[in-house]
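Listed below are the residues making up each chain.
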Amino acid sequence: MSRYRGSARGWYVLLEMSSSQTESGVRGLLERLLEAALDEALVADGVIAESRTQANELWHIREAIVEAQNYSGSIKHDVSVPVSRAAEFIIRATAGVTETLPGIRPMAFGHVGDGNIHFNLTQPERADTEAHLARWQEFNHIVHGVVRELQGSISAERVVGMASE
């Protein structure tokens, strides 16, 4: 089952479902979920991997985001918020940083199912990398402010602490 059309979208979701039960019906459940989401226009398109190789190729796309960020002037954040507020965080943090620096390229990705979000800010095209990176604290203040308002943590991977004033 494939409906992917290769078009650019505002949000992408990589969802993997599994079960320890051989005949669990997970594949059918996923197909029904995608079909219903398409019918209700909650999603624009989708693809279901037909093999482990295809699934690995989809996961490679997700992992390549991290690698690509290493070659750009990127201000990185690894935060967490309550799962029910993950989309709100991304929308609000994106609005805050783009208002501060038009042309900045926010890249939000991670493990939204547990509230862990990598919220990285790539410099605007043709911007000076050093000047962009010199604004790290300014952008931390914006991003961490949204995290604080949503009762999140500023260090998702290590669960170090809450965002504070």
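Refer to the preceding data block for the structure.
Participant: Explain the packing of aromatic side chains here, please?
Facilitator: Counted under the stated rule, the structure contains one aromatic pair. Between Phe 89 and Phe 119, the aromatic rings sit 5.4 Å apart at their centres with planes inclined by 70 degrees, giving edge-to-face as the arrangement. Of this pair, Phe 89 sits in helix H3 (residues 86–100) while Phe 119 sits in strand S4 (residues 116–122), and the two are 30 residues apart along the sequence. Just as Phe 89 is buried, Phe 119 falls in that class too.

Participant: Looking at this structure, I do not really get unusual backbone geometry. What am I missing?
Facilitator: Most peptide bonds adopt trans geometry, and most residues besides glycine take a negative phi value. The phi dihedral of Arg 126 is positive, around 65 degrees, even though this residue is not glycine. Locating Arg 126 in the fold gives a position in the loop between S4 and helix H4 (129–133). Residue Gln 151 is not a glycine yet carries a positive backbone phi of 55 degrees. Mapping Gln 151 onto the fold places it in the segment after helix H5 (136–149). Given the relative accessible area of 55%, Gln 151 is considered exposed.

Participant: What am I meant to see in helix H1 (residues 26–39) here?
Facilitator: Because each turn of an α-helix spans 3.6 residues, side chains separated by three or four positions end up pointing in the same direction. A rise of 1.5 Å per residue sets the reference length of H1, with its 14 residues, at 20 Å; its end C-alpha atoms lie 20 Å apart and thus fit the reference within 8%. Every buried residue of H1 is accounted for by Val 26, Leu 30, Leu 34, Ala 37 and Leu 38. Along the axis of H1, the buried residues cluster in a sector spanning 105 degrees; they form a single face. Structural note: H1 exposes Arg 32 and Asp 39 on the side pointing more than 90 degrees away from its buried face. Ala 41 occupies a position one or two residues after H1 and carries a positive phi of about 60 degrees.

Participant: Can you walk me through H5 in this structure?
Facilitator: Spanning 14 residues, H5 covers 20 Å between terminal C-alpha atoms, matching the ideal 20 Å at 1.5 Å per step. Taken together, the buried positions of H5 are occupied by Phe 139, Asn 140, Ile 142, Val 143, His 144, Gly 145, Val 146 and Val 147. The inward-facing, buried residues of H5 contact strand S1 (74–75), strand S2 (78–80), H3 and S4. Where H5 terminates, the next one or two residues include Gln 151, which has phi positive at roughly 55 degrees.

Participant: Can you walk me through a nonpolar patch on the surface in this structure?
Facilitator: There is a patch of nonpolar side chains on the surface, built from Val 13, Leu 15 and Leu 33 and spanning about 320 Å² of accessible area. Position of Val 13 relative to the elements: it lies in the segment before H1.

Participant: Honestly, the pattern of salt bridges in this entry has me stumped. Any pointers?
Facilitator: Charged atoms that come close allow side chains of opposite charge to pair. Counted by the stated rule, this structure contains eight salt bridges. A salt bridge links Arg 27 to Glu 31; the nearest nitrogen and oxygen atoms lie 2.7 Å apart. With Arg 27 and Glu 31 both in helix H1 and four residues apart, the pair spans about one turn of that helix. A salt bridge links Glu 149 to Arg 92; the shortest N-O distance between them is 2.0 Å. With Glu 149 in helix H5 and Arg 92 in helix H3, the pair connects residues that are 57 residues apart, well separated along the chain. Using a relative accessible area of 46% as the deciding quantity, one classes Glu 149 as partly exposed. Judged by its relative accessible area of 31%, Arg 92 is partly exposed. Connected through shared salt-bridge partners, Arg 85, Glu 88, Arg 92 and Glu 149 make up one network.

Each value, and the rule that gives it
Counting restarts for each chain, with residues numbered from 1 along the sequence as it is written. Local features are withheld for residues below a pLDDT of 70 in this predicted model, meaning they are given only at 70 or higher, and side-chain atom pairs are given and counted only at 80 or more; totals for whole chains, interfaces and linings count all residues. As a convention, hydrogens and water are excluded, and side-chain values are obtained from all of the structure's heavy atoms. Classification of ring pairs rests on two measures: the distance between centres of Phe, Tyr or Trp rings, Trp counted by its six-membered ring, which must be within 6.5 Å, and the angle between planes, read as stacked under 30 degrees, edge-to-face over 60 and tilted in between. For helices the rule is a DSSP run of H or I covering at least 4 residues; for strands it is a run of E covering at least 2, with both sets numbered from the N terminus onward. When accessible area is computed with a 1.4 Å probe and restricted to protein chains, residues below 20% of their type maximum are described as buried, those above 50% as exposed, and intermediate ones as partly exposed. A helix is expected to span 1.5 Å for every residue after the first. The arc in question is the one spanned by the directions pointing from the helix axis to the C-beta atoms. We call two residues in contact when some of their heavy atoms are within 4.5 Å. Patches here: salt-bridge-free residues with over 30% relative accessible area, like charges joined within 9 Å, nonpolar side chains (Val, Leu, Ile, Met, Phe, Trp, Tyr) joined within 5 Å. Under the convention used here, a 1.4 Å probe and the Shrake-Rupley method define accessible areas, while residue burial counts only the protein chains that appear. For this analysis, a salt bridge means a side-chain nitrogen from Lys or Arg found within 4 Å of a carboxyl oxygen belonging to Asp or Glu.

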